[in-house]
Structures are given as structure tokens and as C-alpha cells.
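# Residue-level structure breakdown
Here's the letter readout for the chains.
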Amino acid sequence: MLVNAYSKRTFNMAFQFSGSYEEAEDLTQEIFLKLYNSLSKYNFEKNFSAWLLTLTRNHLIDQYRKTKWEKKIRDDFNEYSLVSDTFTSPEEGILKEESKKLIWEGFNHLSSEIRMAVILRDIQGKRYDEIAEIMSLPLGTVKSRVNRGRLQLAKILKEKKEDKNGM
Amino acid sequence: MVCKGIEELLSPYLEDELNPEEKLAVEEHLKTCQICADLFSFMKETKESLADFPELEVNENLINQLYSIPSKKKRFKLSLDFLVRPSLQPIFTAATILLIMISFYIFHPNKNLIDKSIDRQIHLGFSKIGRLYAKAESFTDSLAEYKDNILVSIKNVKFFRENEE
């Protein structure tokens, strides 16, 4: 039941954070092993999803500090990207996919804590108060980290696009 | 307001979290500063792109591996269960005490004195045993000497002589 309900979101979070499909598979297994070992410590008054996200976040950041993924190259975004059919024209679709690819690569320039905050807010769509609970941080710190992450990514996107256009 | 100050407000502006005064200040700045206007546009694009990131399906192999984790864990747990059986507790206690004594002996700074003391005690023990053995031997010898006399005395007891008659 746990696997059916939570494997997809855990795997995707690990993939978005680490940027490597293989690494994400290993991390998901490690997280589930930790989950089974810690189930006895779970307080039933708390939200299970938030508790699992905290466990996932702690494991990902611990592993990041040990292995320093930022030095590694992230998997090619196009390999996993599914082009959406909601665009008005194929050109628009290509441009949007290009932006996503640049942002995906830009994640490597964010620190682990900022990267985690941006993933939780802008990819996973969590509320700020939920992120504050997951990351055990004050609300203001979370907002500040999300802001810094978005700024960094926006600057990277701007720089890469300008380079590409020969500006 | 300088650009640095505006940068801090772009994210809350994007999420409509500013108070009316701050909102007005940002809007006024974006009208006059092309660099900040571009940055805001890229930030908006970044946010929209992130929201549209693909969600990957988990492959079957990983799902199977995740399902097998509790049984693997159980097997491991069973294999170590014998260690917590109550019947083994006296053995573990004795082994612990023995190990403590051995480590006390090995790591004691005056190990030589302990060795000498043990030697002396063993030597004393051996000499005590030797003396006891010698006493026992002299007792058996004297018993052998008096054996015949004792037998005669027993035979001369009135009770036995009446039976013989």
C-alpha cells in the first residue's frame, strides 16, 4: 500500500533533486528502507505525507552532503521530457521545452537547501507553511530561499538564452 | 528604490503577496528599468516551467524491489532473533564479566605485579596440596602399622567371641 501510494512522488522528488535517474532509484530504495525502519516512530496525529517528505528531504540532503552531486552532470532532460500538447504551436512547445532544459541544468548551481525549497514550492506545489514544516524552518526563511532560488534560476535562464541568441 | 531591493520583492510580487505600497513601487520600477523587467519576465517563465516539469513513472523493477524490502528486513530480523532469547542471557552475562576481567588484566598498568601475585598464589596452592598429600600418606602408613593390632582387639571383644563359641 505504501509503495503504491508514495513510490512515485518519492522517486520524482529524488530525481528532481539529484538529476540522475539511476541515483533516484537507489535513493528511493534507501528512503523506503528508512521509512520501514522508522514507522514505529511515526506519530499518528501528524500528517503522514508531510512526515514522509521530511524523511525524504533529510535523506536527500544528507546524501547530497556526502556525495556532492553538484559536481556531477545531470541527466539529459530531453530523455525524460514529455512534450505537452497544450501549446498553441509546435514552435511554442520547442521554446518551452528549451527553457525547461536550461532550468533543469541550472538546478546544479543551487545549494541543496535552496534547491529543495524550490522543488517543494514550484514543482511539487506545496504551500509555504507545509514547506516550513517539512524543512523545519521558519516561514520567512522558506520564502527567502524560494525567492533566492527563483532569482538564481531566472538569471541562469536569462544568461543562457542571451548567449544562445548571441547577445 | 534600487534594483537590488526590487529583486527581493519580485518573487512575492509574482505570487501577489505584497502590500499595495510595495506592489506599486515594484510596478513603477519595472516600467522604468528594463533589466529588472527582463529578470521578472524570466522569473515568471521559470516558475511556469517548473510547474510544468514532467512527472516520471516508476519502473516495474523498482516497484518490485520496494515491495521486497519488508520481507528482506524480516528475514534479517529472524536471523538475529536467537540473540535475544532469555535462555542465552546468563551465558552473555558470564561472557561479559569474563571479558571485563580479561580486559582489566590486559590493560592494567601494573600487569607485572598481578602476574607475580598470581604466580605466588599458584605456588602457595601447590605447596599446600603437597603438604596435605604428605600428611595423608603418613596417616595411611600409621594405619597399616596398627591394622593387625586393631583386628586382634576387635576379635577379643566379648560380643564376637560369644558368636564364635
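Above: the structure in question.
Residues numbered from 1 in each chain as written. Chains lettered and ligands numbered in written order. Predicted model: local features only at pLDDT ≥ 70, side-chain atom pairs only at ≥ 80, totals over all residues.

### Side note on the overall build of chain B
The test is simple: Counting from the N terminus, the helices are DSSP H or I runs at least four residues long and the strands are E runs at least two residues long. Partly exposed residues are those whose C-beta has more than 12 but fewer than 20 other C-beta atoms within 10 Å; with 20 or more the residue is buried, with 12 or fewer it is exposed, and the C-beta atoms are placed from the backbone.
The helix and strand tally for chain B stands at 7 helices and 0 strands. The linear arrangement of helices and strands in chain B, starting from the amino end, is α-α-α-α-α-α-α. Within the span of chain B, comprising 165 residues, buried residues form 11% of the whole.

### Concerning helix H2 (residues 21-38) of chain A
All names here are of chain A. For the record, the criterion: How far a helix is expected to stretch is found by multiplying one less than its residue total by 1.5 Å. The arc in question is formed by the directions pointing from the helix axis toward the C-beta atoms.
In a regular helix each residue adds 1.5 Å, so 18 residues correspond to 26 Å; H2 covers 25 Å between its end C-alpha atoms and thus fits that length. Looking only at H2, the buried set comprises Ala24, Leu27, Thr28, Ile31, Phe32 and Leu35. Down the axis of H2, the buried set is contained in an arc of 140 degrees. They therefore lie on one face. Exposed and oriented more than 90 degrees from the buried face of H2 are Glu22 and Asn37.

### Here we look at the interface of chain A and chain B
Worth spelling out the cut-off: Here, residue contact means that the backbone-derived C-beta atoms of the two residues sit within 7 Å. Here the term charged refers only to Asp, Glu, Lys and Arg, the term nonpolar to Ala, Val, Leu, Ile, Met, Phe, Trp, Tyr, Cys and Pro, and the term polar to all other amino acids, Gly among them.
Opposite the 31 residues of chain A that make contact, chain B presents 27 residues. Taken together, the elements giving at least two residues each to the side of chain A that touches chain B come down to helix H1 (2-18), H2, helix H4 (90-106), helix H5 (112-123) and helix H7 (139-164) of chain A. Within the side of chain A that touches chain B, the residues separate by chemical class into 15 nonpolar, 9 polar and 7 charged.

### Details of unusual backbone geometry
All names here are of chain A. One non-glycine residue, Ser136, adopts positive backbone phi at about 50 degrees. In this fold, Ser136 is placed in the loop between helix H6 (128-135) and H7. Judged by the 9 C-beta atoms lying within 10 Å of it, Ser136 is exposed.

### Focus on the packing of H1(A) against H2(A)
Residues and elements named next belong to chain A. Note the threshold: Each axis is a line fitted through C-alpha atoms, and for a helix only the stretch in contact is used; angles between axes span 0 to 180 degrees, taken between their N-to-C directions. Any angle that is under 35 degrees is reported as roughly parallel, and any over 145 degrees as roughly antiparallel; angles of 65 to 115 degrees are reported as roughly perpendicular and all others as oblique. Note on convention: the crossing is left-handed when the near helix lies turned anticlockwise from the far helix by less than a right angle, right-handed when the turn is clockwise.
Across the interface, H1 lies against H2 with an axial gap of 8 Å and an inter-helix angle of 135 degrees. Here H1 is positioned oblique relative to H2, judged by the angle of their axes. You can see that H1 and H2 cross each other, and the crossing is right-handed. On H2, the residues touching Leu2, Ser7, Thr10, Phe11, Ala14, Phe15 and Ser18 of H1 are Tyr21, Glu23, Ala24, Leu27, Thr28, Ile31 and Leu35. Grouping the constituent residues of the contact of H1 with H2 by class yields 9 nonpolar, 4 polar and 1 charged.

### Some remarks on the packing of H5(A) against H6(A)
Residue and element names in this part refer to chain A. At their nearest, the axes of H5 and H6 sit 10 Å apart, and the two run at 140 degrees to each other. Relative to H6, H5 is oriented oblique. When the axes of H5 and H6 are compared, the crossing they make is right-handed. Between H5, through Met116, Ala117, Leu120 and Arg121, and H6, the contact on the second element is made entirely by Ile131, Ile134 and Met135. Tallied by class, the residues present in the contact of H5 with H6 amount to 6 nonpolar, no polar and 1 charged.

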